[in-house]
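Coordinate analysis (summary)
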Amino acid sequence: MRGLFPFCVSLAAAWLSIIAFGCACAAENTSYPIVIEHALGTTTIARKPERVATVAWANHEVPLALGIVPVGFAAANFGDDDGDGLLPWVAEKLAELGADRPVLFDEGDGIDFEAVAATRPDVILAAYSGLSRSDYETLSQIAPVVAYPESAWATDWRDMIRLNSAGLGMAAEGEALIERIEGEIARTVAGHPELQGKSAMFVTHLDTTNLSIVNFYTANDTRVKFFADLGLKSPRSVVEATKSGQFAAGVSAERVDAFDDVDIVVTYGSQPLLDAVRADPLLSRMPAVTDDAVVMLGQNPLGTASNPTPLSISWVLKDYVDLLAGAAGKSAGKSE
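Below, the structure is looked at part by part. No experiment lies behind these values; they were computed from the predicted model shown. (Residues numbered from 1 in each chain as written. Predicted model: local features only at pLDDT ≥ 70, side-chain atom pairs only at ≥ 80, totals over all residues. Heavy atoms only, no water.)

1. Describing the overall build of the chain
Stated formally: Per the convention used, a helix needs a DSSP run of H or I reaching at least four residues, while a strand needs a run of E reaching at least two, with both numbered from the N terminus. Note that the radius of gyration is over C-alpha atoms, with the globule rule given as 2.2 Å times the number of residues to the power 0.38. Only protein chains enter the area calculation, which uses a 1.4 Å probe; residues under 20% of their type maximum are buried, those over 50% are exposed, and those in between are partly exposed.
Regarding its fold elements, the chain presents 13 helices and 12 strands. Against the 2.2 N^0.38 benchmark of 20 Å for 336 residues, the chain shows a C-alpha radius of gyration of 22 Å, consistent with a compact globule. Projected onto its principal axes, the C-alpha positions of the chain cover 70 × 65 × 35 Å. Residue burial in the chain is summarised as follows: out of 336 residues, 48% are buried.

2. A look at helix α10 (residues 271-279)
To keep things clear, this is the line we draw: Arc definition: it is the arc formed by the directions from the helix axis to the C-beta atoms.
Leu 273, Leu 274 and Val 277 are the residues of α10 that are buried. In an axial view of α10, the angular spread of the buried residues amounts to 100°, which keeps them on one side of the axis. Along α10, exposed side chains directed more than 90 degrees from the buried face belong to Pro 272 and Ala 279.

3. Describing the packing of aromatic side chains
Applicable threshold: Aromatic pairing here means that ring centres of Phe, Tyr or Trp (its six-membered ring) are within 6.5 Å. Orientation follows from the plane angle: under 30 degrees is stacked, over 60 is edge-to-face, and everything else is tilted. The rule for a charge over a ring is simple: NZ of Lys or CZ of Arg within 6 Å of the ring centre, and within 35 degrees of the ring normal.
Under the criterion given, the structure shown has seven aromatic pairs. Ring-pair connections join several aromatic residues into one group, and the members of that group are Phe 202, Tyr 217, Phe 227 and Tyr 268. Between Arg 223 and the ring centre of Tyr 217, over which it is positioned, the NZ or CZ distance is 4.1 Å.

4. Focus on the pairing of strand β2 (residues 41-45)
What counts here: Should DSSP find at least two bridges between two strands, the strands are taken to pair.
Alignment of strand β1 (residues 34-38) against β2, held across five bridges, turns out to be antiparallel. Along β2, the bridge assignment pairs His 38 with Gly 41. The antiparallel hairpin formed by β1 and β2 contains two residues in its connecting segment.

5. Considerations on the nonpolar core
Where a protein is soluble and globular, its nonpolar side chains tend to be buried together. To keep it simple, the criterion reads: To qualify as a nonpolar core, a set must consist of buried Ala, Val, Leu, Ile, Met, Phe, Trp, Tyr and Cys residues joined through side-chain atoms within 4.5 Å. For this analysis, residues touch if any pair of their heavy atoms sits within 4.5 Å.
Formed by 60 residues in total, the largest nonpolar core has its most connected members in Ile 185, Phe 202, Phe 227, Leu 230, Val 266, Tyr 320 and Leu 324. Looking at this core element by element, the count peaks at nine residues for helix α13 (residues 312-330). If sequence neighbours within four positions are ignored, Tyr 320 has contacts with Phe 202, Phe 226, Phe 227, Leu 230, Val 266, Leu 297, Leu 302 and Ser 306. In terms of nonpolar packing, the next biggest core, distinct from the first, is built from 22 residues, Val 238, Val 262, Leu 273 and Leu 283 among them.

Have a look at this one:
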């Protein structure tokens, strides 16, 4: 047995070398040109991109997760606690890759086309975005553009990875990344069986001075889609209010009884907002409010990551699931 051990170690090392070689070849053997169809047209990528730029929210996280540092991407404009334009999971990944901070595009007033062009990209990734036809055509004069598959701002995290990794010539690596994240989610959710079957509604930013309208994200929105990953379901009231291409909707507070099928409410805000909702004669009638099954998210990294992205999921998954599980435990479970 003692003589067999070195042989087994050598055999295992050989297999690991073969696997590693196979992964490298998969990346190198991607056939070009790559043709990607999306909502705004068809994009052809003639050769392996060397300079990658991204626009809009979080698209840069795909190349970063795959070990590629973009030449430029959009600065964070929500949840950036220290004001450096980088969310913490992005800053951590750049440090892990030993990279300096790339060019950050200021998109406060829309895409900065001149700044994007100045980075001289070979490809522009925008699978999760709200590109208009005009935006797409202007960017396409700079480099091939990977746009969203169906509707603006409706691309879930899996399709964000699939489309953007395809644009990098790394489709296989993108699928492996999806599998890794799915495994992490499954392991985390398995520890919270109280989430299974509960319904959740994501209410958009409420105004304490005017609670006459309940605005919420529809089943098209990525925040709501993420609920399904966590064992939650969309209530019928939200599904029925969802129209094609719309990621948000609104209902008069006078019709709040429509949300009797909502077990958990998630929204952005703090204690003053929660107090206002509890005191409101209409919103206080919602079962989720009565049961105190409300999750309040701030304008911080946790609140930002409720909209799931390739790097943020791992960063906040445990904390976010803990908050949802706490609310689920308070819910009386009136959903159908």
